[in-house]
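Given next are the chains, with one letter for each unit.
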Amino acid sequence: MTPSPSRIRRLAGAALMLLVTSLVIFLLIEAAPGDPAEIMLGTSAQADTLAALRDQLGLDRPLMVRYLAWLGGVVTGNMGQSYTYGVPVAGLIAERMLVTLPLTLMATLLAVGVSVPLGVMAAARQGRAGDGLATVFAQMGIAVPNFWIGLLLILVFALKLGWFPVGGFPGWGDAGWGDAGWGAISALILPAVALAIPQAAVLTRVTRAAVLDVAAEDFIRTARAKGLSRHRALWRHTVPNALLPVVTMLGLQIPFLISGAVLVENVFSLPGIGTLAYQALSQRDLIVVQNVVLLFAAIVLAVNAGTDALYARLDPRLKARQ
Amino acid sequence: MLSIRNLRVTFGERPALNGIDLSLARGRTLGVVGESGSGKSVMALAVMGLLPRTARATGRIGFDGRDILTMPERDLCALRGNRIGMIFQEPMTALNPAMRIGAQIAEGLILHQGLSRRDARAKVMHLLDMVRIPRAAERIDSFPHELSGGQRQRVGIAIALALTPDLLIADEPTTALDVTVQAQILDILDDLVAELGIALMLISHDLGVIARIADDTLVLYRGTLIEQGPTERVLRRPGHDYTRTLLDALPPRVRATLRDAP
Amino acid sequence: MRLPKSLILGAAITAIMVGAAVLSRVWTPADPTAMNIVARLQAPDAAHWFGTDPIGRDVLSIIMAGAWTSLGIAMLATAIGGAAGTLLGVTAAARGGRAERLVMGFNGVLFAFPPILSAILLGALMGPGAVTAITAIGVFMVPVFARISRAAAIQIWARDYISAARMAGKNDIRITAEHVLPNILPQIIVQLAIQTGLAILSEAGLSFLGMGVSPPTPSWGRMLSESQTYLAAAPHLVLAPGLAIAVTVLGLNLLGDGLRDLTDPRRGQAG
Amino acid sequence: MTQPLLQVSRLSRHFPLGQGMVRALDDVSLTLMPEQILGVVGESGSGKSTLARIVMGLDRPTSGSVRIAGRDIFALSPRHLRQARRDFQMVFQDPYGSLDPRHRVGRIIAEPLHLDTTAPKGRDRRDLVGRLLRDVGLDAADQDRFPHEFSGGQRQRIAIARALITKPRLLVADEATSALDLTVQKQILRLILDLRDEHGIGVLFITHNLGVVDQICDSVAVMKDGRIVESGPMRQVMDHPAEPYTRRLLEAEPRLDVIGRKVRPKPS
């Protein structure tokens, strides 16, 4: 099906935003102090060897040429060389993605799995016990920093009870699951919980508010007038119409999920992209910082474009106008 | 079939209905007229057992020998849609925007009579014809926002009549519609009442709408029953000042039609 | 008119925290910088209600001093970012068309830079510190407030009293000032409270990673990161700063909820 | 021959929708003489509200012109348009949406004075607002209260007071009574008639209700799908409609002489 004009416009908009974002990142890194050649060879290296390296890395080419070269590289998977490790940045990121991706996915699934039913239950029992409890949980969940939860989880479940490792990541093992797989999973459980709790709290409140808003609509009263019980009307009419705002909110949570990942990876010393960026900053490995920040920005923009498209597809009124 | 005895409804301390008595037999149409704040919609919701939690209702709403106010929720669910149908005022918001109209009409049939999807769909086609929606075959799978106000109100009627209830409550069914569409909706309601022999409670703030098809008329003011009787008597020889002000508020043209008739 | 419970509780907690922060400028139970190696890592007791830290300093005093840092940075960033965001959002709603797409595109870009990420970038540029933290948190506030204020403003622009104002010869700017802003103010105030809470979490996160204020300025986030190495030996160290953050953010969220219930009674819920 | 108060000539307004064009207004012309009340009747989608917005200068036409008191409002410079606006004001349908909930009634009513730099200030302004409130049947002290303290009918009176403060010569009422109960509607219509007689203003009364036209209008124009299908003196159009559409509108009006189902005419 040929993409409709509004979808093309939305994709073009997202692409333009990504381009502008990459330019902002590139310029900020350009302006940052620190000469890559010195970082790689140490400050004591001779001037001419430094100059030779700088030339080899093409650091002397004009700004815009280097920006476009970087962009061209990113598109073809060549993000440049890490100053400190001397290996392709893309490889580093891919390797670290094997930690961050499952971590954030586990956290999101956990958050959605807990918050949507809890939010619906709280709305269905508005004003009664269940609602009060869910609201208190949500208030608490939003207020506690996820890295603090991480520390507490380590204190209780790792140090005191010893159910989980204190931190670190044994890797996925060569092929298939085997015990290495389980080791990796168990290393991700506490971090995923720490990352999931604030998300779950926010989504519980959003789901509850969305369900309450829809429950006040006239067509719910029509459903009840057809003889549907409160429960049946809730699941057949209220919840489907309430999912739309929840999906939108999920999209808006991505930046917080990424920030959380950087913190939680740090607490549990997981070799994820968050710690990569954080260490690269302290080692002045700016090419790594540059690419990681672009990657995260791209994820945020992609998810937002995705939720907008999903919103249009899910809501028949919008689809008609497309 | 429906007999209400001393119905009182309060929201917290605010009285909405203070002592209503009425009865409605099968095949008859009772007009309920009152301005905003008169409690006419509260009465409709009370008969459906759909009053909000904050409402307290006393008295008796007899329907086929049982009192709706004391019936357990499960029995009420079996009653709603099946034995008592309801049409609402705002066609724009009374239908689920994300569900096709065919499914919304069939829902009651599947729930109460356990029809299969295929049988329910056939019955829905018949219902769409009954409420005179043109080209039903095309329209059955459309979404509410694809229909006009008048067509949506017809879908509302189809929903309410899906299980040929004994009692139909229409709460301001034509207020949000254009005058020409209003007339069509009232005619459809009237034909169906005659054809199916159901009892209709027609609620409106406009005496002109009531007069068109109501056999008896009841006048409500701030939750109190002002006057009740055959429509002709109430219009020609109103027994209460408030009814006279209601009549007086009607445009002169409409009132003129009253004087020259026998 | 009974004030919602959440408003009273939220205002009380927030007042206590702000009070502690201000008080710490003149008095704290002990000198937060006074080291006492002998009495290091002591659990909470009569002398030190929250115990002592790895170099014997009084934890309660540092927490109070830390409140000034955290609340200061959070409120400043939220105020600046919130004002800029609201201005952008309201302008986008007023002008519409290309200007609106431009503003929302600009917001889309900023939205890709959550505080931690922009702090990493800014850290590379100007190193850690209060300015980096305020900028990183403030920048991300702009798209948040722009989106909320634009959505609220668009609803107001559709009202008849705006057409009446146009017919009174008023231009977009005057209409925005006299009609749009006063009507969306309640929603903006609710967000100011809630976003300040989020800003405190961000500031704590930045300090935890060492990207916020540098020592000796006290900061809850850095206290937590220091406490990680003594998790087994002195668990009390990890509780105090975490609780301080959580309670402050809880207070601000409750304050936000209370204000929302106050201005939009329809959604008033229990608790 | 006195100059017409309002002359709308060959007015069109088209809206792009998807690939095609929606003709909300299609070559509409009408004239309103001073101190007359012209009813514009039509169902939803007939274009009557679009007409109201263009006549008030809130929207620009695709083609055609609008002359108020002899001046083409779309040819005026912004400064002249501001002065001209004193001559025409509008009352809206929804009493709950036409008053800013955050402003006191006095400030709401005085807002159009923004058009007139020489308008009274301070004490004199309060007196003027107080007089207008009494003219519309409310008390002068109401100017210190807020809109939410008033009923629908009272709010509509406040909206009318606002529309009158610059002593306009033309008032457009866009479904100004449709959202009110019949008894309140009757009072507002009588108020408009009294104000017309006292202040000598012309009224363009937009409505879907023929009963209202019957009570208040001197002449009437019937609109359908963006065009005027019939117009003329009210009595003549209402009693001897030439157009079949007008006849259908009249027949659909509620009637009291067909009481009860027995005598109801079968649908044609």
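To be clear, the structure that these remarks concern was listed above.
Residues numbered from 1 in each chain as written. Chains lettered and ligands numbered in written order. Predicted model: local features only at pLDDT ≥ 70, side-chain atom pairs only at ≥ 80, totals over all residues. Heavy atoms only, no water.

> Help me understand the interface of chain A and chain B, please; the structure alone is not making it clear to me.
Where the parts come together, the accessible area they lose is often given as the size of the interface. The interface of chain A with chain B comprises 20 residues on the first partner and 27 residues on the second. Roughly 2200 Å² of surface becomes buried between chain A and chain B when both sides are summed, with 57% attributable to carbon and sulfur atoms. Where chain A touches chain B, the interface holds three salt bridges. The shortest N-O distance in the salt bridge between Glu-73 of chain B and Arg-224 of chain A comes to 3.1 Å. Applying the counting criterion to the chain A and chain B interface returns 12 residue pairs in polar contact (both at pLDDT 80 or more). Looking at the side of chain A that touches chain B, the elements with two or more residues in it are α9 (218–225), α10 (230–267) and α13 (316–321) of chain A. In terms of residues, the side of chain A that touches chain B owes the most to one element, α9 of chain A, which gives six residues. Partitioned by chemical class, the residues of the side of chain A that touches chain B number six nonpolar, five polar and nine charged. (Contact = heavy atoms within 4.5 Å. Buried area = accessible area lost by both parts, 1.4 Å probe. Salt bridge = Lys/Arg side-chain N within 4 Å of Asp/Glu carboxyl O. Polar contact = N/O pair within 3.5 Å; in protein donor to acceptor, adjacent residues only side chain to side chain. Helix = DSSP H or I, 4+ residues; strand = E, 2+ residues; numbered from the N terminus. Nonpolar A, V, L, I, M, F, W, Y, C, P; charged D, E, K, R; others polar.)

> Quick question: what am I supposed to make of the sheet that holds strand β7 (residues 167–171) of chain B here?
Across a sheet, strands are paired by hydrogen bonds formed along the backbone, either parallel or antiparallel in direction. All names here are of chain B. Strand order in the open sheet formed by six strands is β6-β7-β8-β3-β9-β10, and the pairing between neighbours is mixed. At either margin of the open sheet sits one strand with a lone partner, and together these are β6 (84–87) and β10 (224–230). For this sheet, the mean inter-axis angle between neighbouring strands, taken without regard to orientation, is 15 degrees. Across five bridges, the pairing between strand β3 (residues 29–33) and strand β8 (residues 199–204) is parallel. Counted as the bridge partner of Leu-30 is Met-201 from β8. Where helix α7 (residues 179–196) meets the sheet, its contacts fall on β3, β6, β7 and β8, and the angle it forms with β8 comes to roughly 160 degrees. (Pairing = 2+ DSSP bridges. Axes fitted to C-alpha atoms, helices over the stretch in contact; angles between N-to-C directions.)

> Where do I start with helix α4 (residues 63–75) of chain A in this structure?
Residues that lie three or four places apart on an α-helix share one face, since the helix turns once every 3.6 residues. All names here are of chain A. End to end, α4 covers 19 Å across 13 residues, agreeing with the expected 18 Å (1.5 Å per residue, within 8%). Along α4, the positions that sit buried rather than exposed are Arg-66, Tyr-67, Trp-70, Leu-71 and Gly-73. Viewed end-on, α4 has its buried residues packed into an arc of 160 degrees, placing them on one side of the element. Exposed side chains of α4 directed beyond 90 degrees from the buried face belong to Leu-68 and Val-75. Contacts made by the buried residues of α4 are with α1 (5–31) and α12 (286–314). Once α4 finishes, Gly-77 follows within two positions and takes phi at roughly 85 degrees, a positive value. (Expected span 1.5 Å × (residues − 1). Buried < 20%, exposed > 50% of the residue type's maximum accessible area, 1.4 Å probe, protein only. Arc of directions from axis to C-beta.)

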